[in-house]
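Overview (structure and organization)
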Amino acid sequence: MVMNRQRDKRDWIFLAFLAVALVVAAYTVVQRTRYRRAITSLATCAADADTACAGRALEEARAIDGDNLRTRIGQAQLRVLLGDADAAEHSLVETFADPPKGHAPIVHKVGTAPLHIDADGIGSLDAGVRGDLLLVDGDIAAARSQADLARSRWTEAATIVDEALLRPRRDRLDRRAAEGEAQMSASLRRLRDDFEKLFAASEAGQLEGSQLIARDLRDRVQRLTSDTARQKLGLSIDAAQRAMMTARTRKMELDGTSSSMVYGKPEPPPPSVDRSAYAQRSYEQRMAEYQRALDRWTTTQSENDRRKGSRLGELSGTIATVIAQARALFEEGLSAAGATRAPVASVPQP
């Protein structure tokens, strides 16, 4: 009788543990299902640019698994929808700020350049995380009117996410581009084209071409009716000219016309039969002296090459920074010009 009671007790304990395990497993399955549904809803709302809907979906996902990468990327997505692309970008950088040891951050940013997404690093992420990251980065680019970058990111995401998440984004970008073109007069479009030529010539260090375009643009900028547009575009031209001079310096250093190359590379001593003091030393002694001289020459040349490479890198960085400033000033100036009812006057403005 006692043994039967003990066996019954063990059976009840086992059944209790089994019941608890089943409840936990069922709860886990339910939570995972709820989380997937919330993330799917967030993606759909973001594609439709429905901020309220996306906010509700994000709150539901955050309540279930706030530390999940997809939840944190969703927070960046909501910031884009709220119109704060800078905050969204910062959020993405923070989300991927701690890469595995020995690996570069999957997402990082340098200066004013767009976010850099490491191709190898993103390949290690779950497909859903990759898709979310590419979509959000594309949305950030679209919010900043960087249409080419936005389309590039969405194209990368096309192999991962459903087309239904991409079509509304592309349609909005197309509509925005069409509206922008409709608002911009033919003269302003030509102004944009010529400024792009100026930036390209400046980056290439083309002195004559850059200066010729700059003179023409200065005359045309003076015909704009907006004081802000004239000021910003004039500063943009000045910045482009500074970049051009830096690019010319870089080109000269790259071509070697201004490098500090070490001349007089030692020559190996030939076997000699004359009776000069030099020849009276053994061939081994002369070779040892030659090797020491060659080592000194090589060390000096390597140091010069290192300095030259560092200098070229600094110049390239300066060119990129100044051109970025010129482009930013240009966009501000063109926006100010486009905001006026009659952006171009028939005569230069005082």
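Residues numbered from 1 in each chain as written. Predicted model: local features only at pLDDT ≥ 70, side-chain atom pairs only at ≥ 80, totals over all residues. Heavy atoms only, no water.

**Side note on the overall build of the protein chain**
The line we're drawing: Think of it this way: any DSSP run of H or I at least four residues long counts as a helix, any run of E at least two long counts as a strand, and we number them from the N terminus. Relative accessibility thresholds used throughout: buried, under 20% of the residue-type maximum; exposed, over 50%; partly exposed, between the two (1.4 Å probe, protein chains only). Throughout, a residue-residue contact means that at least one pair of heavy atoms, one from each residue, lies within 4.5 Å. Residue exposure ignores everything except the shown protein chains as possible cover, and the areas themselves are Shrake-Rupley values with a 1.4 Å probe.
When you go through the protein chain residue by residue, the secondary structure sums to 13 helices and 2 strands. For the protein chain, the residues scored as buried account for 33% of the 350 residues in total. Taking all contacts inside the protein chain whose residues are at least 6 apart in sequence as the whole, residues at least 24 apart take part in 62%. With an accessible surface of roughly 21,300 Å², the protein chain has 55% of that area assigned to carbon and sulfur atoms.

**Quick look at the nonpolar core**
To keep things clear, this is the line we draw: Among buried residues, those of type Ala, Val, Leu, Ile, Met, Phe, Trp, Tyr and Cys that are joined through side-chain atoms within 4.5 Å constitute a nonpolar core.
Core analysis: the biggest nonpolar cluster contains 30 residues, and Leu 92, Phe 96 and Leu 133 have the highest contact counts within it. In terms of residue count, the dominant contributor to this core is helix α6 (residues 127-143) (8 residues). Not counting residues up to four positions away in its chain, the partners in contact with Leu 92 are Ile 73, Ala 76, Val 107, Leu 115, Leu 133, Val 136 and Ile 140. If you look at the next biggest cluster of nonpolar residues, it comprises 24 residues, including Leu 191, Ala 214, Ala 229 and Ala 326.

**A short note on the side chain of Gln 77**
Looking at the element boundaries, Gln 77 is found in helix α3 (residues 69-81). Those residues within four positions of Gln 77 in sequence are excluded, and the remaining contacts are Ala 46, Val 136, Asp 139 and Arg 169.

**Quick word on the environment of Thr 112**
Within the secondary structure, Thr 112 is located in the loop between β1 (107-108) and β2 (116-117). On the accessibility criterion, Thr 112 (70% relative accessible area) is exposed. Taking the C-alpha atoms as reference points, Thr 112 and Thr 321, separated by 209 residues in sequence, lie 8.0 Å from one another.

**Structural notes on the packing of helix α10 (residues 207-221) against helix α11 (residues 227-255)**
Our working definition: Axes, fitted as lines to C-alpha atoms, cover a helix only where it is in contact. Angles between the N-to-C directions of the axes lie from 0 to 180 degrees. When an angle is under 35 degrees it counts as roughly parallel; over 145 it counts as roughly antiparallel; between 65 and 115 it counts as roughly perpendicular; any other value is oblique. Three classes are used, and their members are as follows: Ala, Val, Leu, Ile, Met, Phe, Trp, Tyr, Cys and Pro are nonpolar, Asp, Glu, Lys and Arg are charged, and the others, Gly among them, are polar.
Direction vectors running N to C along α10 and α11 enclose 175°, while the axes themselves pass 10 Å from each other. On the basis of their axis angle, the class for α10 and α11 is roughly antiparallel. Side by side, α10 and α11 meet where Leu 207, Ser 210, Gln 211, Ala 214, Leu 217, Arg 218 and Val 221 of the first sit next to Arg 230, Leu 233, Gly 234, Ile 237, Asp 238, Gln 241, Met 244, Met 245 and Arg 248 of the second. For the contact of α10 with α11, the per-class residue count stands at 8 nonpolar, 4 polar and 4 charged.

**Points about the packing of aromatic side chains**
Short version of the rule: For Phe, Tyr and Trp, rings pair up if their centres lie within 6.5 Å, where Trp contributes its six-membered ring, and each pair is then called stacked (planes under 30 degrees apart), edge-to-face (over 60) or tilted (otherwise).
In the structure shown here, the tally under the stated rule is 3 aromatic pairs. Taken together, a centroid distance of 6.2 Å and an interplanar angle of 80° make the contact between Phe 199 and Phe 330 edge-to-face. With Phe 199 in helix α9 (residues 186-203) and Phe 330 in helix α13 (residues 283-338), the pair connects residues that are 131 residues apart, well separated along the chain. Each member of the pair, Phe 199 as well as Phe 330, carries the same accessibility label: buried. Here the aromatic cluster, defined as three or more aromatic residues joined through ring pairs, consists of Phe 195, Phe 199 and Phe 330.

Honestly, that's just the spatial picture; any functional story needs more than this.
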